[in-house]
Amino acid sequence: MSQRVTILGSTGSIGRQSLEVIAACGMEAAALAANSSVKLMEEQARRFKPAIAALADEKAAADLRVRLADTNVQVLSGLEGVLEVAVIPDADTAIAALVGMAGLRPTLASIREGKRVCLANKETLVCAGPLVLEEAKDYGAKIYPVDSEHSALFQCLEANRDRGEVKRLILTCSGGPFYGRKREGLAGVTVEDALRHPNWSMGAKITVDSATLMNKGLEVIEAMHLYHMPAEKISVVVHRESIIHSLVEYCDNAMIAQLGAPDMRLPIQYALTYPKRVPGPSSPLDLWNCGPLTFGAPDLEAFPCLALALEAAKTGGTAGAILNGANEVAVSQFLRGKLGFLEIAGKVERALSQVKVVQEPSLTDILEADQAARELVGSI
Ligand code: MG
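Thresholds, definitions, all that
Residues numbered from 1 in each chain as written. Predicted model: local features only at pLDDT ≥ 70, side-chain atom pairs only at ≥ 80, totals over all residues. Heavy atoms only, no water. Domains from an automatic or database assignment. Contact = heavy atoms within 4.5 Å. Buried area = accessible area lost by both parts, 1.4 Å probe. Salt bridge = Lys/Arg side-chain N within 4 Å of Asp/Glu carboxyl O. Polar contact = N/O pair within 3.5 Å; in protein donor to acceptor, adjacent residues only side chain to side chain. Helix = DSSP H or I, 4+ residues; strand = E, 2+ residues; numbered from the N terminus. Axes fitted to C-alpha atoms, helices over the stretch in contact; angles between N-to-C directions. Parallel < 35°, antiparallel > 145°, perpendicular 65-115°, else oblique. Left-handed = near helix turned anticlockwise from the far one by under 90°. Buried < 20%, exposed > 50% of the residue type's maximum accessible area, 1.4 Å probe, protein only. Core = buried A, V, L, I, M, F, W, Y, C linked by side-chain atoms within 4.5 Å. Phe/Tyr/Trp six-rings, centres within 6.5 Å; stacked < 30°, edge-to-face > 60°. Lys NZ or Arg CZ within 6 Å of the ring centre and 35° of its normal.

Let's talk about the domain arrangement of the protein
Part 1: Along its sequence, the protein is organised into domain 1 (4–145), domain 2 (150–315) and domain 3 (316–380).
Part 2: The gap between the C-alpha centroids of domain 1 and domain 2 is 25 Å.
Part 3: Taken together, the contacts link 26 residues of domain 1 with 30 residues of domain 2.
Part 4: Between domain 1 and domain 2 lies a buried interface of about 2,200 Å² when both sides are counted; carbon and sulfur atoms form 73% of it.
Part 5: Counting the surface domain 1 buries against domain 2, the share from its top three residues, Lys122, Val126 and Pro145, is 28%.
Part 6: Connecting domain 1 to domain 2 are 3 salt bridges.
Part 7: Across the salt bridge formed by Lys122 and Glu219, the nearest N and O atoms sit 2.9 Å from each other.
Part 8: Taken together, domain 1 and domain 2 are joined by 7 residue pairs in polar contact (both at pLDDT 80 or more).
Part 9: Of all the elements in the fold, those that place two or more residues in the side of domain 1 that touches domain 2 are helix H1 (13–24), strand S5 (93–96), strand S6 (116–119), helix H6 (122–139) and strand S7 (142–145).
Part 10: No other element matches the 8 residues that H1 contributes to the side of domain 1 that touches domain 2.

Okay, here's the thing in structure tokens:
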């Protein structure tokens, strides 16, 4: 029987590319969930014939129900609908690709069903890393990274038997659209400028995070939890070409890197097929024409979001949830033209200094920290 996959966030960038991989690799989509994209969800439901299509937005779901009336697809709505998709017994694999903290509960629901979870929602680990991994252990769920850097680290660590031999993890960072600019040069940047990423095509939220380098900071915290490494043993290197997706440095100074064309379909596919490798739709890397590869240090002064995230990584506890909650609200304010680019970091910094950090938090502590950070940023 072919692998059956449920997708949380099927209409977003990762969700759409996941469906391409699923189609190319002969897998099936058991159920699909998204927030509110009615038209695209209708197309996906007609093409992939899932048992359930759920939209979190009630109005959008009502519209979808009318549009899909001539099919056998069951249309569900709200968080309950998304949770049904997360736990559908018919799927052995879940792709967790919802954006932001909103992905935490559905991802946990898939984990509690013991599914193979292909994790693209980094906020889940940033906010609740230890808790999520503990639940995965308890319920026998395997988590495989979809984020390209974490997939690279996963591949570079595959032959490693003793984590004590690892000197550090090195995450590569494209530098985003504002690489090379100093702080003064960033004051007037517009939403349009920030959405122009040099190498990767992604959703709006993550593209802004890539422009502030917050995305890399979130990825450091994600890597810390996924690979049980202290923040001090994780470095960031600016690598403009996005050809090396990350590296592991071992205690003998050997460095193992994973290379590939910047194409998310490869890490998505590897999370789906591991430990097997199969031919798929991702583009090959043309080494003869990809040009020289460059490396440099990130500019923490021009991009203070990265420094704030590194600090939150060292603090631990609910600091990740506070950082993320504040950032989500600040980025949405920036996208709506209500906040300047440089003010994003200022808001996150204030939340980190004013919301109390709880160590070894429960899920309630995490949700409260997230809420407190959101309210603080919303009300400044
Ligand atoms: Mg990434």
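A word on the packing of helix H2 (residues 38–48) against helix H3 (residues 58–67)
Part 1: Put simply, H2 and H3 touch, their axes get as near as 10 Å, and they point 40° apart. Our classification of the angle between H2 and H3 gives oblique. Considering how the two elements wind past one another, H2 and H3 form a crossing that is right-handed. Of the residues in H3, those touching H2 at Val38, Lys39, Met41, Glu42 and Arg46 are Ala60, Asp63, Leu64 and Arg67.

Remarks on the side chain of Asp147
Part 1: Within the element layout of this structure, Asp147 appears in the loop between S7 and helix H7 (148–156).
Part 2: On the basis of relative accessible area, Asp147 is assigned to the buried category, the value being 8%.

Digging into the nonpolar core
A general feature of soluble globular proteins is that nonpolar side chains tend to end up buried together.
Part 1: Core analysis: the biggest nonpolar cluster contains 108 residues, and Leu169, Tyr227, Leu272 and Leu323 have the highest contact counts within it.
Part 2: Considering every element that reaches this core, the biggest residue donor is helix H13 (residues 319–335), with 9 residues.
Part 3: Contact partners of Leu272, with chain neighbours within four places excluded, come to Gln3, Val5, Val21, Ile22, Met27, Thr93, Ile95, Arg116 and Cys118.
Part 4: Of all hydrophobic cores here, the second largest spans 14 residues; its members include Ala31, Ala54, Val85 and Ala91.

Observations regarding the packing of aromatic side chains
Part 1: Using the criterion set out here, one finds 7 aromatic pairs in the structure.
Part 2: Seen from their ring centres, Phe334 and Phe341 are 5.7 Å apart, and the 65° between their planes marks the pair as edge-to-face. In terms of burial, Phe334 and Phe341 fall into one category: buried.
Part 3: An aromatic cluster is built from Tyr144, Phe154, Tyr270 and Tyr274, whose rings are joined through pairwise contacts.
Part 4: Sitting over the ring of Tyr270, Arg277 keeps its end group 4.2 Å from the ring centre.

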